[in-house]
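Observations on the model geometry
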Amino acid sequence: MSLHLYDTWTRSVREFTPLKPGEVGLYTCGPTVYNYAHIGNLRTYLFEDGLVRTLRLNGYRVNHVMNITDVGHLVSDGDDGEDKMEAGSRRTGQTAWTIAALYTDAFRADLKSLNITEPNIWCKATDHIAEQISFIQEIEKKGYVYRTSDGIYFDTSKQPSYGYLGRLDIAGLQAGARVDLGEKKNPTDYALWKFSAPEEKRQMEWDSPWGRGFPGWHIECSAMAHKYLGDYFDIHCGGEDHITVHHPNEISQTEAAYGTRLANFWMHGYFILLNSSKMSKSTGEFLRVQVLIDKGYDPIAYRYLCLTAHYRSQLTFSWEALDAAQTGLERLRQSVFALGPAGDVPDVDFMARFIEKLNEDLNFPQALALTHELLKADLAPAIKKATLLKFDEALGLGFATWVPLVVEVPANVRAVADARWAARNAKDWAEADRLRGELTALGWTMKDGKDSYTLAKN
Ligand code: AMP
Ligand code: ZN
């Protein structure tokens, strides 16, 4: 079966055909680097990584672009409130530029520990101010902007198709929001460029044809996608929260400037819930990958947990679920390792079935289940191993490099164990028992086999 993906634009699963043969242009909205990423954010990046790996397994060359939002994302979802970067700077006592670098590095380290493939192109909003300004000028030329006392706004009422991605009820929104519109003409209008307040010295601000200030949050994605992928590319992704505001705004900007809806496919990863509420950086308490590591989990157990749920269903996080994922992962790795060296070719039937699962809108839960079926199948271990290594190009669980932890036995423990083994062979049971007690006191358990013994750390 050819690749089929769910497209939020049409609200249906469609066959994927790249716009240019053999090549896929992919843009994924990246992190706002005012704080660490939480495991909720990372579920979205894991979903996108599953997409990239599936595209590659289908033989496509993927040109993956991800932005880094380091300016202009305001604390409130409307267009007022503080810039998250300036707020992060106040919280940490470091400059906005310093924390941007710090949290970008931390984000990349999180991707690495979850075995998420890095994009081909990273692009920072602050490195593309000129591109954003000329994009806004393009929108201005087409007559979609107006000026208020605090910025340059996009007039969404000029675009009949505005909000189609989110199936927004524009009339209903219009009726409900009359009172607190401020200078905005319509509730869905949004800032393209914000002016620095006259009394304020911002850490991040630039001159523009409209006045000194900074870009609105949405324009960076339209401008950088335009620069690196063109006006119309294959797939654009983000979390489900982007369906109603950020992505409709990106689409409206590109449609105004260049007449396209930016991407052929719009895909969204659903949230992970903690205590059945959305996990959020702005509400304070949140879980980072480092917290999982500090608690003794392998971060790949979180990847495994995410693989057990389809990306289009919400997933509730619990420590019990993570424990179960860690156990499942451990067993799977042990079984794969025990198969020994891989043969040259994977099993054709299993490979076809695996790709078929992925091609049904990235059905990773069923693809993962196939690993268990394969392990039980009547095939030579070398073939099973070759097949599982190929599966792992999509699963990303690290089968090729994983080895069981070899626990070093200290020399004094080894000496007591050897003495006990000798006492036992000499049928000196009293001495053997005494030495067993000594081993227990040292924190080790000795198991007697027929010809030798094994030691386990308690
Ligand atoms: P941000 O850094 O806040 O701009 O968010 C980065 C990405 O994480 C966006 O694509 C969001 O849609 C996504 N995201 C935010 N919260 C969650 C969550 N609880 N579960 C899954 N994805 C999320
Ligand atoms: Zn974006």
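Below you will find a few notes about this structure. Just so it is clear, the structure is predicted and the values come from calculations on it, not from any experiment.

So, on to the pairing of strand 16 (residues 453-457). With five bridges joining them, strand 15 (residues 444-448) and strand 16 adopt antiparallel strand pairing. Following the sheet pairing, Thr 445 is matched in strand 16 by Ala 456. Connecting the antiparallel pair strand 15 and strand 16 is a turn made up of four residues.

Within the protein, Cys 29 (SG), Cys 221 (SG), His 246 (NE2) and Glu 250 (OE) serve as the donor atoms for the zinc ion (ligand 2), at 2.0 to 2.2 Å. Around the zinc ion (ligand 2), the four donor atoms sit at angles spanning 78 to 131°, and that spread fits a shape best called irregular.

In spatial order, the strands read 6-7-8-9; together these four strands make up an open sheet with antiparallel pairing. The outermost strands of the open sheet, each flanked by one partner alone, are strand 6 (145-148) and strand 9 (213-215). Within this sheet the neighbouring strands show an average axis-to-axis angle of 25°, counted without direction. The pairing of strand 8 (residues 190-195) with strand 9 spans three bridges and is classified as antiparallel. Pairing of Lys 194 across the sheet is with Phe 214, part of strand 9. Contacts between helix 4 (residues 129-141) and the sheet are confined to strand 6, strand 7 (151-154), strand 8 and strand 9, with strand 8 contributing the most and set at about 125° to the helix.

The next point concerns the packing of aromatic side chains. Scanning the entire structure with this criterion turns up 18 aromatic pairs. Judged by centre distance (6.1 Å) and plane angle (80°), the ring pair of Phe 107 and Trp 122 falls under edge-to-face. Taken as a pair, Phe 107 in helix 3 (residues 96-113) and Trp 122 in strand 5 (residues 121-124) lie far apart in primary sequence, 15 residues in all. Taking relative accessible area as the criterion, Phe 107 reaches 2% and is therefore assigned buried. Its relative accessible area of 23% is what places Trp 122 among the partly exposed residues. What links up through ring pairs into an aromatic cluster is the set Phe 16, Tyr 60 and Phe 265.

Okay, unusual backbone geometry next. For Arg 11, which is not a glycine, the phi torsion comes out positive at approximately 55°. Phi is positive for Lys 427, close to 60°, though the residue is something other than glycine. For Lys 427, the location among the structural elements is in the loop between helix 14 (411-425) and helix 15 (429-442). Residue Lys 427 is classed as exposed on the basis of its relative accessible area, which comes to 60%.

Following the criterion strictly, the structure yields three cavities of 30 Å³ or more and no others. Volume-wise, the largest cavity comes out at about 180 Å³. Along its surface, the largest cavity is lined by 15 residues, and Leu 46, Phe 47, Cys 306, Leu 307 and Phe 364 are the ones closest to its centre. At the level of elements, helix 1 (39-57), helix 9 (299-307) and helix 13 (381-395) are the ones that each hand at least two residues to the lining of the largest cavity.

Definitions and limits used
- All chains use their own residue numbering, which begins from 1 and follows the written sequence.
- Both sets of labels track the order of writing: A upward for chains, 1 upward for ligands.
- In keeping with the predicted nature of the model, local features appear solely for residues at pLDDT of at least 70, side-chain atom pairs appear and are counted solely at 80 or more, and the whole-chain, interface and lining totals rest on all residues.
- Note that the side-chain values use all heavy atoms of the structure and ignore hydrogens as well as water.
- What makes two strands pair is DSSP finding at least two bridges between them.
- Each helix is a run of H or I in the DSSP string that is no shorter than four residues. Each strand is a run of E no shorter than two, and both are numbered from the N terminus.
- Water is not among the atoms examined, so metal sites may look incomplete; donors are the N, O and S atoms within 2.8 Å of the metal, or within 3.2 Å for Na, K and Ca.
- When four donors show all angles between 85 and 135 degrees the site is tetrahedral, when four or six donors have opposite pairs over 155 degrees and all other angles between 65 and 115 it is square planar or octahedral respectively, and in every other case it is irregular.
- Lines fitted to the C-alpha atoms define the axes, with helices restricted to the stretch that makes contact. Angles between their N-to-C directions range from 0 to 180 degrees.
- Note on definitions: a residue-residue contact is assigned when non-hydrogen atoms from the two residues lie within 4.5 Å.
- Centre distance within 6.5 Å is the pairing criterion for rings of Phe, Tyr and Trp, where only the six-membered ring of Trp is used; planes under 30 degrees apart are then read as stacked, over 60 as edge-to-face, and the remainder as tilted.
- Only protein chains enter the area calculation, which uses a 1.4 Å probe; residues under 20% of their type maximum are buried, those over 50% are exposed, and those in between are partly exposed.
- Here a cavity means grid points, on a 1 Å grid over the protein atoms only, where a 1.4 Å probe fits yet cannot get out; a pocket means an open set of points with protein on both sides within 12 Å along at least five of seven lines; lining residues are those with an atom within 4 Å of a point.
- Grid points are joined across faces, edges and corners, and a volume is the space filled by probe spheres set on the points.

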